[in-house]
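In case you want the letters, here they are:
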Amino acid sequence: MIQLYHVSQERWLTAASELDSTVSGNNTGLKSFKSARVWIPDVEEVWKSAELTKDYKNGDASLQLMLEDGSNLEHKLDPKTKNLPYLRNPDILVGENDLTALSYLHEPAVLHNLKVRFIDSKLIYTYCGIVLVAINPYETLPIYGTDIINAYSGQNMGDMDPHIFAVAEEAYKQMARDERNQSIIVSGESGAGKTVSAKYAMRYFATVSGSASEANVEEKVLASNPIMEAIGNAKTTRNDNSSRFGKYIEIGFDNRYRIIGANMRTYLLEKSRVVFQADEERNYHIFYQLCASSHLPEFKKLKLSNANNFVYTWQGRSPVIEGVDDTKELCTTRHAFSLLGINESYQMGLFEVLAAILHLGNVEIKDKDSDSSIIPSNNNHLTAFCELVGVTYEDMTQWLCHRKLKTATETYVKTLPRLQATNARDALAKHIYAKLFNWIVEHVNKALITNIKQHSFIGVLDIYGFETFEINSFEQFCINYANEKLQQQFNMHVFKLEQEEYMKEQIPWTLIDFYDNQPCINLIEAKMGVLDLLDEECRMPKGSDDSWAQKLYNTHLKTCSLFEKPRMSNRAFIIQHFADKVEYQCEGFLAKNKDTVNEEQIKVLKASKFDLLVELFKDEEKATSPMAPPAGAGGRTRLSIKPDKSRDTSSKEHKKTVGCQFRNSLQMLMDTLNATTPHYVRCIKPNDFKQAFSFDPKRAVQQLRACGVLETIRISAAGFPSRWTYQEFFSRYRVLMKQKDVLPDKKLTCRNVLEKLVQDQDKYQFGKTKIFFRAGQVAYLEKLRADKLRAACIRIQKTIRCWLARKNYLRMRNAAITIQRFTRGYQARCLAKFMRRTQAATLIQKYQRMYVARKRYRQKQAAALAIQTILRAYMARQKYQALLRESKVVIIQKHARGLLARRWYKRCLHSIVYLQCCIRRMRARRELKKLKIEARSVEHFKKLNKGMENKIMQLQRRIDEQTKENRTVNEKLVSLESSYTTESERLRGELGRLRGVEDDAKNKGNQLTSLLEELEKLKKELSTTQQEKKTIEDWAQTYRTEMEKMVSELKHQNVSLKKEKDDLNRLIQEQSQQMTEKMARTIAAETQQLEKDLNEERSRYQNLLTEHRRLEEKHDDLKEHISKPGHRRTDSTHSSNESEYTYNSEFAESEEGSRAAEDLTRGMDTSLTLKLQKRLTELEQEKQSLRNELENKEEQFQRARARDETEFKKARGAELEYESLKRQELESENKKLKHNLAEMRKSLLCDAAASAGAPGSPAYKVLLDQLNSSCEELEVRKEEVLILRSQLVSQKEAVQHKETMTEVAVHVEDVSKLKDADELKQAYIGLKDTNRLLEHQLQTQRRSYDSEVESMRGELQNVKEENNRQQQLLAQNLQLPPEARIEASLQHEITRLTNENLDLMEQLEKQDRNIRKLKKQLKVYSKRIGEMGAGQAEGQTSPGQMVDEPIHPVNIPRREKDFQGMLEYKKEDELKLVKNLIIELKPRGVAVNLIPGLPAYILFMCLRHADYVNDDQKVRTLLTSTINSIKKILKKRGDDFETVSFWLANTCRFLHCLKQYSGEEPFMTHNTSRQNEHCLSNFDLTEYRQVISDLAIQIYQQLIKCMENILQPMIVSAMLEHETIQGVSGVKPTGLRKRTSSIADEGTYTLDSILRQLNAFHSTMCQHGTDPELIKQVVKQQFYIIGAVTLNNLLLRKDMCSWSKGMQIRYNVSQLEEWLRDKGLMVCGAKETLEPLIQAAQLLQVKKKTDEDAEAICSMCSALTTAQIVKVLNLYTPVNEFEERVSVAFIRTIQTRLRDRCVSPQLLMDTKMIYPITFPFSPSSLALETIQIPGSLNLGFLTRV
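These numbers come from a predicted model, not from an experiment.

1. Thoughts on the environment of Gly-361
Part 1: Mapped onto the secondary structure, Gly-361 falls in helix 10 (residues 344-361).
Part 2: For Gly-361 and Leu-382, which are 21 residues apart along the polypeptide, the C-alpha to C-alpha distance reads 9.1 Å.
Part 3: Setting aside anything within four residues of it in sequence, one finds Gly-361 in contact with Val-311, Tyr-312 and Arg-425.

Below, the structure is given as structure tokens:
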């Protein structure tokens, strides 16, 4: 760290001097360094930011600083070293993806950058040169899905944001490129996330590479993780899932770089955890999983219980991990075992061994005396242990408390004290677990191994990080030793990369001094080192930890500076590791290093009856051999059993210690890593409390120092850490250059500018492709750039402010002049207004006084008139009330008298009726007795039968009468309607007459009033003439006033009514408009939902087609594989990621005969596919219906059988004879119908086929005759059914009488008339069917009658309602004035006529539909008759002909039409036709020289000829060969866009031709009359149209895939990286990762590249004659791919999320929109697919500070998901100092506002999504007879017809 401080001081002085020389132009020294920002040490935060408030001068003892919280601080400098604080990087460099991109490289800068990324941006990955720093977020993040894997696949490491997938992709890519094995070294503290990072790396390899076999090796590799976690992971105080062993997994790949297997090596298993756990820790997970699942039936024999009941699982007192279900975890573990091939029996064996270890820990050993111990008898746990492992109780009891000692002459048994016996028991438990662990690892490796040759591998090392605890023992010593070795390898690799970079760029190379930890490694592993002395002490007979400690002190204390002795302890030592000093306690080192186990205990276990246990110990001797070092079992137990005399030479082999084994294993690991290219992942634990996104600087900096990240920074900082390409430097610092400095050679330009800007040439070096800078120089250049931009901004602001000020002055001057003019005018108007008001006031006063006087007079007059009116009205009301009371009294009397009379009449009537009922009842009883007597005789029954016939006739007559009544009711309704019409006319006339009478009455009333007034005047003139005159004048005045008042009131009411009318009209219009808009919105929403559902259904169907195509190709590959017995292709010869369309064309190379056979096979495949799909559905439906029918028949048969037996016994002979007679009649009628049918068929067969269905033909007449006769027969059968129904009713009534009859002989005689029981049964079944038909007919008639009655009632009700409505309307009209009355009547009449007209139109439409339906049925019947005749003719063919006829894949109905114009070919020329027209056709020549779609037209014309000659075999083979040949050519050249586009256009044209000339009406409307004559006449190819449509969908998907493969490499470079607008986005420092890209630059794509490619696509499709609608869909898919790929990369690249990049993207999008506008494709929906990208670009440019900004962003970004918006805001990075970062509070505000948005949580868009395709019908105007076949197609064998 002292070296780092010296470097910092040099940078201070250098930066200060350069700044001073640049500003002042001289080198006189440091003038001012005020406002510089620095880092100062802090106890809590480690480093704290501060700013200088006073200039610093050389020699100052302190610095005046101001902290970020505003407080001032005096920072004293060290008087000895005068070290200055670290300088802070500019804000624009904070948060960089790569720490090496920082200008100042030191510890506080690294810590601050990690904190900003982790806390503010929620980014857990950061590059530090070649190291990926991963901070554990303690939270599940959605950044590991398959979409993220696909996004990183194939990308360069520096192009994307830091990620574990980027490291994995780099390793995979370098393995494939350099053909060198790779290693990923994952290290870190416990709880830092090492295991999870390793799992994600392996998941990436499994997803990207795929498997070379069908055994799903990648799944097995991933399945090993839960197993190893269960047996090797445990809960510690720092981590709930801490790996207590190290592992190195080699994932093997074949020569196509697909996973073929894996191998695992383990290191230093912590066996001591099996028998001891500290507080708040647990044993290995597997023990707790077994205890939690002890209730399962299969685990009963393990005799387990709760984990608290076992010593080995309760010591940590924390048996449960929060959020972890151990029962479910065991299920996962067992499933992983099964997936790796470890069967259930082996699994139960493993669980039994593990349970035995738990029981062994509970065996209690007690003191027998001071030197011996004893196990109490009948110990339950020891008994369980012996039963589980299959050993005897006595042997285990003996050797747990004793041991055998051997000398040269004798062997004797020695007792063990309790403590030694307990230790021996624990050692045995540890040894068994270690053996079990190694056995599981071995079998996991066996499951992952493969017989395919391994070409290369990628190793993933999940190793423990540097550890230091309060008490450090042997395990921590080994762990830190391993980390020393790994750190040395890491330092050497970093140093090597730096050296290679300098040599590659050919810059002067200076040796970089870096920390070498070789002395520390020598202290541990060299001769007389710590491990050597430990092994030597272990070999001593009486060696102890204390004596070993003394040897260490004596050997190293004075000779090695890295070794120290603690002051207060003689049993500990301190080693100075690269990360920190660690104090180790010597206690237990020897025991753990020896790892001894009692030999006799092992012998007892080897003699076990348990096969698995024997298998665990069968290689015991091999395991102890030093010649075979363990393959990854660093923690494997070694026994210290003395060998026999026969093997004395190997006595030393048994003394190999754990430390020696670990050293050998570690050396093997280092050899492996040195032979591979390493990739480093350093996992950091941000806090000790497992809090999500909480950062503890102390813990973080401690781990950064320990994991080597700071060492990487130091090595980079010692050289040239900042590196720019010449183009990047020119783009970034172009602003510092003058126009004359810019030269065509950018390299020379950069050299000249740098020499001017930086005087000291040692601060930079020019390489071949890059410029190298010392630390701090980039910050200095950034300051110069910022100053230049700031000066430019000030000048721009000055000019703009001047312009604004002048503009404001001119505006104010004009405003002042205008105000003056308006003020003077206002004053003049005020004076004139005052004069007018004075004159008006005088006039108002005059009229006001007049009005007051007149008002007072009128009030008095009105009061007098009101009093008179009230008095007269009162007198009139009194008189009216008296008259009303008299009238009511008369009415009451009338009704009362009538009520009394009616009551008397009803009483009399009731008495008379009762008397009649009594008399009739008496007579009926007498008659009943007579009838009962007569009913017992046979003659009576016969009479009864005769009477029944009469009743039947009566019923028939009754039905006729009801029918007549119905007709009468209908006639009445008609008459009622006519009478209603007459009455309406009469009422209208009466209304007119009443109107005239009313007018006359009014006139006469007026005359009467005038006469009365004249009479009154004459009477009053007698008294006094003067008074009359005065009265008349007053009355006239009053009348005039009232009339004027009334007229004004009426006018006012008229105005208000008009206003209300207008308001109502406006309200009605608004409501109608709202309803219209609402309906439109509803319809639009429903339409949108239907379109969405339709698109989803299309997408599902097209996905099924894709899957079907893949299965077909797989089937073809299997057939080819089977057809080549001499060549067996192994799984390693093909990659699962190969193109699906790789095809080896045998069609063009084979003979004619083989091609014919293959086409026939393909045809059969296609036909069988169609036929089997259709037949399968039919068979399933038929099976279900038959099953239901069978069940119903069985139930009916059982019920009918039981019922028939009883009914047959009671049935009479006469009834059976009658039923037999009816059956014979029915049979005769059946024969008659069959005879008629045969005659009809003969007549049809005798006619010509062409006129079979024409009206007027014999067949047509016969059909009509048969239909008429059938109708007549149906009427007759209805009558018979009625008779049988009545007979059945009579039979049921007669059943009661049959019980008393005893004439058994007659019954037997009647029954004997039938032939046998079967005939009887058949007759009865026929009777039942007849009865059932009769009942059905009656119910039908009853329903029809009820419906007619209901309809009549409804019509009657409608008539009544109409009558009432007419009356109400008439009453309303009478109240209206004459004009309104006439208008209302006319309106009503118009409404009525309109409704009647609509009803008539509906009836007319129904009749038309019925007529069309009947015509269609008639055509179908005639068509079926023709088919039946043709079927009989075909039935006469010979059996040999039937055998030769192939199976029809599609049902092709025939048509009988005649037409001309087609192409004829011979059947043997079909293969030549397909070959020349499809297989060997070159699309380029056809597209340029011939008409578009020519192959489709030629194929269709050939098909028309086959249809014309009625050759269904030819039609089928031609279509099948065409389909299969197109599939073959696409499989062969499926990656050629031109070929795929050509056949997509021709397939669609062929499909349109099949529709256009199908003869169906919807398609014929677009044809000319000549084209309609060319329609197909014999075959219906509807099903083949579906097959061809599916083929077109497959071709379209292949076309999209071709375009995607072409566009994919261009999109990111053109849309994001290339600067279409030069100078807008200045690049920032990129760091080391950008420089060490895996793949060299293959050429930069620009937006013009994409536009040129789009033009090429569009012109190619237009040349091929692709339908315009189809082109629109293709363009929409193209733009979706461009937008999705661009947005996905934007979301994964922090360097692209800036304001200037948003402008760049919007410009690029505008260019794409301009291209759409030029091509006329703006309405195809392509622009909408770019909406998410447009909104993301707008989000980068909008203001992001206030709540209003957040609201605007939420409303603007409607096409982006919440995750995408938050991701863009987190990634937003300022490129210049004038930009600001997005605050965390603002992002939280956005998240709060978007919380209720119901969108998908997915971050990336699905780039593989394909929109559902449709093929709108596009008819061709080209006449087929005008098409000429060019000779270049080699189709001379075709003949035009």
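2. Quick word on unusual backbone geometry
Backbone geometry follows two general trends: most residues other than glycine have a negative phi, and most peptide bonds adopt the trans configuration.
Part 1: Here the phi dihedral of Val-46 falls at roughly 70°; this positive angle occurs in a residue that is not glycine.
Part 2: Residue position: Val-46 is located in strand 2 (residues 46-52).
Part 3: Judged by its relative accessible area of 11%, Val-46 falls in the buried class.
Part 4: The phi dihedral of Tyr-138 is positive, around 55°, even though this residue is not glycine.

3. What to know about the side chain of Gln-1677
Part 1: Turning to its location among the elements, Gln-1677 is positioned in helix 47 (residues 1668-1691).
Part 2: A polar contact is formed between the side chain of Gln-1677 and the backbone oxygen of Met-1809, at a distance of 2.8 Å.
Part 3: In contact with Gln-1677, not counting residues within four places along its chain, are Tyr-1596, Ile-1600, Met-1809, Ile-1810 and Tyr-1811.

4. Focus on helix 26 (residues 746-757)
Part 1: The end-to-end C-alpha separation of helix 26 is 16 Å, in line with the 16 Å expected for 12 residues at 1.5 Å each.
Part 2: With a side-chain oxygen lying 3.2 Å from the backbone nitrogen of Lys-747, the N-terminal cap of helix 26 falls on Asp-745.

5. Regarding the pairing of strand 6 (residues 125-128)
Side-chain direction in a regular strand flips from residue to residue, so the side chains alternate between the two faces of the sheet.
Part 1: Where burial is concerned, the two faces of strand 6 agree: the one with Tyr-125 and Tyr-127 and the one with Thr-126 and Cys-128 are both buried.
Part 2: Relative to strand 7 (residues 131-135), strand 6 runs antiparallel, the two sharing four bridges. Looking at the pairing, Thr-126 lines up with Val-133 of strand 7.
Part 3: What sits between the antiparallel neighbours strand 6 and strand 7 is a turn of two residues, in which Gly-129 has the positive phi angle 70°.

6. Digging into the nonpolar core
Part 1: The biggest cluster of nonpolar side chains holds 319 residues, and the ones touching the most others in it are Phe-205, Ile-286, Phe-385, Tyr-433, Trp-548, Phe-573 and Leu-1712.
Part 2: By residue number, the principal contributor to this core is helix 44 (residues 1582-1617), which donates 19 residues.
Part 3: The contact partners of Phe-385, leaving out residues within four places of it in the chain, are Ala-356, His-359, Leu-360, Met-396, Ile-432 and Leu-605.
Part 4: In terms of nonpolar packing, the next biggest core, distinct from the first, is built from 20 residues, Phe-730, Tyr-733, Cys-750 and Leu-757 among them.

7. Side note on the pattern of salt bridges
Part 1: Summed over the entire model, instances satisfying the criterion amount to 51 salt bridges.
Part 2: Of the charged contacts in the structure, one is a salt bridge between Asp-42 and Lys-48, with a shortest N-O distance of 3.3 Å.
Part 3: Given a relative accessible area of 23%, Asp-42 falls into the partly exposed group.
Part 4: Exposure remark for Lys-48: the relative accessible area of 25% places this residue in the partly exposed category.
Part 5: Overlapping salt bridges, with partners in common, bring together Glu-189, Lys-685, Asp-688 and Arg-699 in one network.

8. Describing the sheet that holds strand 24 (residues 770-773)
Part 1: Spatially, 22-24-23 is the arrangement adopted by the three strands of the open sheet, whose pairing is antiparallel. The strands lining the two open edges of the sheet, one partner per strand, are strand 22 (722-725) and strand 23 (764-766). Adjacent strand axes in the sheet meet at a mean angle of 20° when their direction is disregarded.
Part 2: Bridge analysis of strand 23 against strand 24 gives three bridges, and the strand direction is antiparallel. Bridging across to strand 24, Phe-766 finds its partner in Ile-771.
Part 3: Sheet strands in contact with helix 14 (residues 474-505) are strand 22 and strand 24, and its direction is about 130° off that of strand 24.
Part 4: Relative to strand 23, helix 26 is tilted by about 160°, and along the sheet it contacts strand 23 and strand 24.

9. Points about helix 44
Part 1: Over its 36 residues, helix 44 runs 51 Å from end to end, which matches the ideal 52 Å to within 8%, given 1.5 Å per residue.
Part 2: Of all 36 residues in helix 44, 27 are buried, a share of seventy percent or more.

10. Some remarks on the confidence of the model for the protein chain
Part 1: Taken as a whole, the protein chain shows an average pLDDT of 78; of its residues, 77% reach a score of 70 or greater.
Part 2: Mean pLDDT values for the elements of the protein chain range from 35 in helix 36 (residues 1439-1444) up to 94 in helix 7 (residues 285-292).
Part 3: In this model, residues 621-654 is a region of pLDDT below 50 whose contacts with residues beyond four sequence positions or in other chains number 65 contacts.
Part 4: Here residues 1125-1168 is a poorly scored stretch, pLDDT under 50, and it has 76 contacts once near neighbours within four places are set aside; other chains count.

Rules and cut-offs
Residues numbered from 1 in each chain as written. Predicted model: local features only at pLDDT ≥ 70, side-chain atom pairs only at ≥ 80, totals over all residues. Heavy atoms only, no water. Helix = DSSP H or I, 4+ residues; strand = E, 2+ residues; numbered from the N terminus. Contact = heavy atoms within 4.5 Å. Buried < 20%, exposed > 50% of the residue type's maximum accessible area, 1.4 Å probe, protein only. Polar contact = N/O pair within 3.5 Å; in protein donor to acceptor, adjacent residues only side chain to side chain. Expected span 1.5 Å × (residues − 1). Pairing = 2+ DSSP bridges. Core = buried A, V, L, I, M, F, W, Y, C linked by side-chain atoms within 4.5 Å. Salt bridge = Lys/Arg side-chain N within 4 Å of Asp/Glu carboxyl O. Axes fitted to C-alpha atoms, helices over the stretch in contact; angles between N-to-C directions. pLDDT = per-residue confidence, 0-100.

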